[in-house]
Amino acid sequence: MSTELEKTYSPQNVEDKIYDFWMKNNYFHAEIDKSKKPFTIVIPPPNVTGQLHMGHAFDETLQDILIRYKRMCGYSALWLPGTDHAGIATQIKVEAELREKEHKTRYDLGRDAFLERVWEWKEQYGSRIINQLKKLGSSCDWERERFTMDEGCSKAVKEVFVNLYNKGLIYKGSRIINYCPHCKTALSDAEVEYEEQGGFFWHIRYPVKDSDEYVIVATTRPETMLGDTAVAVNPEDKRYRHLIGKTLVLPLVGREIPVIEDDYVDKEFGTGCVKITPAHDPNDFEVGKRHNLEEIIVLDNEAKINENGGKYKGLDRYEARKIMIEDLKALGLIEKIEPHDHNVGTCYRCKTTVEPLASEQWFVKMKPLAQPAIEAVKNGSIKFVPDRYANSYLHWMENIRDWCISRQLWWGHQIPAYYCDACGEMVVSKDEVKVCPKCGASMHQDEDVLDTWFSSALWPFSTLGWPENTADLEYFYPTNVLVTGYDIIPFWVARMIFSGIEHTGKEPFDTVLIHGLIRDSQGRKFSKSLGNGIDPLDIIKDYGADALRFMLVTGNSPGNDMRFYIEEVLAARNFANKIWNAARFAKTYLTIDKVELPEKLEIEDKWILNEYNKAVKEIRENLDKFELGVAAQKLYDFIWDKLCDWYIELIKPRLFETNTDKATNISAQQVLCYVLTNTLALLHPFMPYVTEEIWQSLPHDGDALIIANYPEFSEELVFDKAGKEMENVMALIKEIRRVRKEMDVPASKKTTLLIETENEETYKDGTAFIQRLASASEIVIGKIDTTEGKVGAITADAKAYMPMGELIDIEKEKARLQKEIDRLNSEIERVNKKLSNEGFVAKAPQNVIDAEKQKREGYQKTLENTEKVLEDLLKL
Ligand SMILES: [Zn+2]
Ligand SMILES: [Zn+2]
């Protein structure tokens, strides 16, 4: 590693070089070391098709901070990386490519050839996201990288499927599932997003057979009436009692259907008569089961009317709806049409309206699995941060329905169930079954694959070698913290929890750290359609990964959404520059080659060490409580304000060649070097690159900052009294500077200072600082006779007075102040005019109006202060 620092910090020259250095030395690799405690995070596996977006960058930054922190705290810290095969997402991409380049569908290729294509695609693009994660500085143990469809993870999937099946917790059944006609697959409940859509309630008359009477049913999906097999009324409903058991003639179809009674019907809702379509509605499905009604499916897999729809066969569901309504109108069977907003389920991937559909699917029986997973969170074995997310988790788990796990896709884990071509026998087995154990005929495997989340639910233990009892599993499992966004608690977090408990007997992690979403500067989600995406790799290229990481973590609090401001990236880059420049300054004067503290400390040394020590304590506490944003802010304030702006300024005369006192020169170097290198260690998890580069160039112990010890609080560095005294002197210096600035006095103009205080000793010790940093020519400490003609700078501990005449040319200053007052008055007048213009107020957005009002307030305050200063001057 170089010992020189370039003149200006260039992340482009540093980051790749440092990452290679870490990789070459294997610092990311976590060893099984019984003398150390393990600390494990498994990465939420990004889609293998994916490209790094701001959400990943945020998620990975939080994890890398935690893992680097724990590594420096002496844990054997494993961050286990990998990717997810992402069933639908990947299949759709490869199908799209096939369509574009070769005008073919997957059916043209056939299953085997198509899957070969997907694997090729995976080989080509699968490492893309991994390389992007590396750019961010992620210190994952790449030797342990996994893929949800690799051999080990696939083995775990089969093991789990067969175990659950043998326990009766996986079953095949006809159920209403959510079906996406665009993706042509079943979706689990968690994959359906609900949105309010405008629609209608169509009130349709169903004639009673051999009578003039009819009942009126209301529906939002009239096309499903083709599959109606009954109309239900509430048994308590006196209006319809005479009709129970009678027969209706289903309009357009002519089929005869019964009127049945069922408690499920709400008398108060609509007409009190409900059409029952068991194959296309989850509630009707239950009613149908209770009354032994036929399930008539009327839609095909593209949501077109099928052969059960008579003359409407082949029409798209919405086309059919339109034509059927016209036909009903012509028959005089439409009672009325009411506008009606309702919640419509849409596919989370393609936003197509999903169709509830009765279908043969595989399910996981959830109730028995959910119970211990609910307990684990209720009894605190698993903690959510922030804990409000425990409620959404519990709500989800307590209301959970069976999990539909089969998907009509090709890319994924094919379901390990085999059917006999001759006798229909089914065998579920980890190993391929070719011959029917019953009749000896050939068997074929179930065509469907498992929901992608079925394999990611096993991620915390399948990646460590389960079902084998490996040394890794023994040492690193259960893992510690799971970092993820609130949007996938039901999809993923909940399923990992019950899977871990069921298959390993242990909760898979003890803490779930939930973060919010990253939004753009206007608070909108990043999305392709809005075109507001920001590529984290562009940001890294322009400003460095450290700046991006620091921006992402600053101001963040667990569970809350945050906004992306490019200005904050710039501020973070400036912060990196500030540290760089401070280190370069220090290096100019360093003659020592060892980091150790001197025997004798000056007051400013005690102050900075005391402040540093406090920062260590608080930052560790913040990190332990996952308050990463608070820790980042404290580091920023300490480094920028205390270390760079104050301490380095305070000790400059001791560092300079003009200081002939060798002892104070060396002690200044020692304290500066100590605080600087330890502060780099504190900051390392947040800004790993710049800190490592600087640390390598300064005197240090050990080979690399990434494996150095994280600083610890030390009783020996507590200097509260000296610290307080130094603070008081600094407060006075700040106030004098402020007053001088207000009066527009250049720093070069020195003045006599009269200081009145009860703690004279403190200010006597601080004389040199006050003189140098508050532009004092002479300092007199004692009682002030008269304050007339003097300007005061007042703090809680002292009063300092500067004689006016020395500061300024009074006449010139009066004129300057009057000019300033005139300018402020005209600004205020301009804003007033604007705000009293009704046209402007009516049209301008509220934030523009607020900004104008704020401007006016600022002008008014400045005006008041200026007038007061002028008033004082006029008194002279
Ligand atoms: Zn879809
Ligand atoms: Zn058979």
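Residues numbered from 1 in each chain as written. Chains lettered and ligands numbered in written order. Predicted model: local features only at pLDDT ≥ 70, side-chain atom pairs only at ≥ 80, totals over all residues. Heavy atoms only, no water.

Quick look at the coordination of the zinc ion (ligand 2)
For the zinc ion (ligand 2), the full set of protein donor atoms is C420 (SG), C423 (SG), C436 (SG) and C439 (SG), and the range of their distances to it is 2.2 to 2.3 Å. Angles of 99 to 116° at the metal separate the four donor atoms of the zinc ion (ligand 2), which places the site in the tetrahedral class. In the primary sequence, the donor residues of the zinc ion (ligand 2) line up as C-x2-C-x12-C-x2-C. Looking at C420, the relative accessible area reads 5%, which means it is buried. (Donors = N, O, S within 2.8 Å, 3.2 Å for Na, K, Ca; no water. Tetrahedral: all angles 85-135°; square planar, octahedral: opposite > 155°, others 65-115°. Buried < 20%, exposed > 50% of the residue type's maximum accessible area, 1.4 Å probe, protein only.)

As for the coordination of the zinc ion (ligand 1)
Angles between donor atoms at a metal ideally measure 109.5 degrees for a four-coordinate tetrahedral arrangement and either 90 or 180 degrees for a six-coordinate octahedral one. The protein atoms that coordinate the zinc ion (ligand 1) are C180 (SG), C183 (SG), C347 (SG) and C350 (SG), at distances spanning 2.2 to 2.4 Å. With four donor atoms in place around the zinc ion (ligand 1) and angles of 101 to 114° between them, the coordination shape is tetrahedral. All donors to the zinc ion (ligand 1) come from one chain, and their sequence spacing reads C-x2-C-x163-C-x2-C. Remark: C350 occurs in the loop between β13 (334-347) and β14 (355-364) and C183 occurs in the loop between β5 (170-180) and β6 (185-187); sequence separation between them is 167 residues. Judged by its relative accessible area of 9%, C183 falls in the buried class. (Helix = DSSP H or I, 4+ residues; strand = E, 2+ residues; numbered from the N terminus.)

Focus: empty space enclosed by the protein
Enumeration according to the criterion identifies two cavities of 30 Å³ or more in this entry. Taken as a whole, the largest cavity holds about 50 Å³ of empty space. Among the elements that line the lining of the largest cavity, the one with the most residues is strand β23 (residues 511-515), at three residues. A per-class count over the lining of the largest cavity returns six nonpolar, two polar and no charged. A volume near 40 Å³ is recorded for the second largest cavity. If you go around the second largest cavity, the residues you meet are V160, L164, V364, W403, F454, A457, L458, F498 and S499. Residue assignment for the lining of the second largest cavity shows that the elements contributing at least two residues are α6 (151-166) and α14 (489-504). Along the lines of polarity and charge, the residues of the lining of the second largest cavity split into eight nonpolar, one polar and no charged. (1 Å grid on protein atoms, 1.4 Å probe; cavity = no way out; pocket = protein on both sides within 12 Å on 5 of 7 lines; lining within 4 Å. Points joined across faces, edges and corners; volume = space filled by probe spheres on them. Nonpolar A, V, L, I, M, F, W, Y, C, P; charged D, E, K, R; others polar.)

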